[in-house]
Amino acid sequence: MRPRLILDCDEVILEFAGPFAQWLREARDVELKFDSSALIGNMRHLSDGRPVDPADFPALLDGFFEHGQRLQQPAEGAVEVLTALSKDFDLIVLTNIPAAWRDIRLEVLRERGLDVPVHANDGPKGRMVKELAGDRRAVFVDDLPPHHSSALKHAPEVGRLHMVADATLRGLIPAAPDAHVRIDRWDEAEGWIRDYLERAA
Ligand SMILES: [Mg+2]
C-alpha cells in the first residue's frame, strides 16, 4: 500500500488568517489583528471598538466556514508540491470543520487544483491520524501544536511536520514540542516528507 500523507487544511494547504480577517471585516464589521496567535482576544467590533465576546466566536467561525471559504487561496507552493507528492503517496485532508461545511471545503480545494478526500474532524486529531495511517507509513502536517501532541500519543510512528503557512503567524507560533520537525514552506517540506516516508519503510 502506498504511504499516506495526512494534511490539515487551514494554514497548511489554504491560507486562513488573511481570508478570515477579510470576511470578518466585510461580513460582520469585526476587525481581527494578530498581536498574538490567538483569534479570541484579537477581535474588535469596528463600530465601537468593543472586544468580541468569546462566546460569539464559534458562530463567527461557523459563518466563515459557511460563507467565506471561497476567499481562501492556497499557501505558497502548496498546490505544486502536493500535486507532485500525490504521484507517490495517498493524500487525505484531516480538518477540524463542522461536517455541514465539509463539502464546501472539498469543492474549494478542487477549484484550487487539489482533488483530495476531506475528513471532517472535531477536537484532537491523534485518534483519527492513527486510523487513517492504519498499517501504512504516514506523515501528518498541521499548524497547531496540540494536534502534534495528540498524534504523538496515539500514533507515534507517524511523522509529524509542524507547518505554519502564514508569514505573520509564523513568528507568533513557537515550534511544536511534539513534532519531529518545523518547516513552514512547502518547497522545503517536500524533501523531508519524502525522506521520512522512504526511510520508515
Ligand atoms: Mg490548521
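Residues numbered from 1 in each chain as written. Predicted model: local features only at pLDDT ≥ 70, side-chain atom pairs only at ≥ 80, totals over all residues. Heavy atoms only, no water.

## A few points about the layout of surface pockets
Taken as a whole, the largest pocket encloses approximately 680 Å³ of empty space. Within the residue set of the lining of the largest pocket, elements represented by two or more residues are helix 2 (57–67), strand 4 (90–96) and helix 6 (145–154). Broken down by element, the lining of the largest pocket gets its largest block of residues, five residues, from helix 2. Counted by class, the lining of the largest pocket contains 15 nonpolar, six polar and eight charged residues. Reported here for the second largest pocket is a volume of approximately 180 Å³. Forming the walls of the second largest pocket are 13 residues, and the residues nearest its centre are Ala75, Glu76, Ala165, Arg170 and Asp184. Looking at the lining of the second largest pocket, the elements that each hand over two or more residues are helix 7 (167–170) and helix 8 (186–199). (1 Å grid on protein atoms, 1.4 Å probe; cavity = no way out; pocket = protein on both sides within 12 Å on 5 of 7 lines; lining within 4 Å. Points joined across faces, edges and corners; volume = space filled by probe spheres on them. Helix = DSSP H or I, 4+ residues; strand = E, 2+ residues; numbered from the N terminus. Nonpolar A, V, L, I, M, F, W, Y, C, P; charged D, E, K, R; others polar.)

## Describing the packing of aromatic side chains
Evaluated as defined, the whole model comprises seven aromatic pairs. An angle of 85° between the planes, with centres 5.6 Å apart, marks the rings of Phe16 and Phe64 as edge-to-face. You can see Phe16 sitting in the loop between strand 1 (4–7) and helix 1 (17–28) and its partner Phe64 sitting in helix 2, a full 48 residues away along the chain. Taking the relative accessible area as the measure of exposure, Phe64 reaches 0% and is therefore buried. Plain terms: the ring middles of Phe20 and Phe64 are 5.3 Å apart, the flat faces sit at 70° to each other, and that makes the pair edge-to-face. Here the residue Phe20 occupies a position in helix 1, and Phe64 occupies one in helix 2, the gap between them amounting to 44 residues. Counting every residue linked through ring pairs, the aromatic cluster contains Phe16, Phe20, Trp23, Phe57, Phe64 and Phe65. (Phe/Tyr/Trp six-rings, centres within 6.5 Å; stacked < 30°, edge-to-face > 60°. Buried < 20%, exposed > 50% of the residue type's maximum accessible area, 1.4 Å probe, protein only.)

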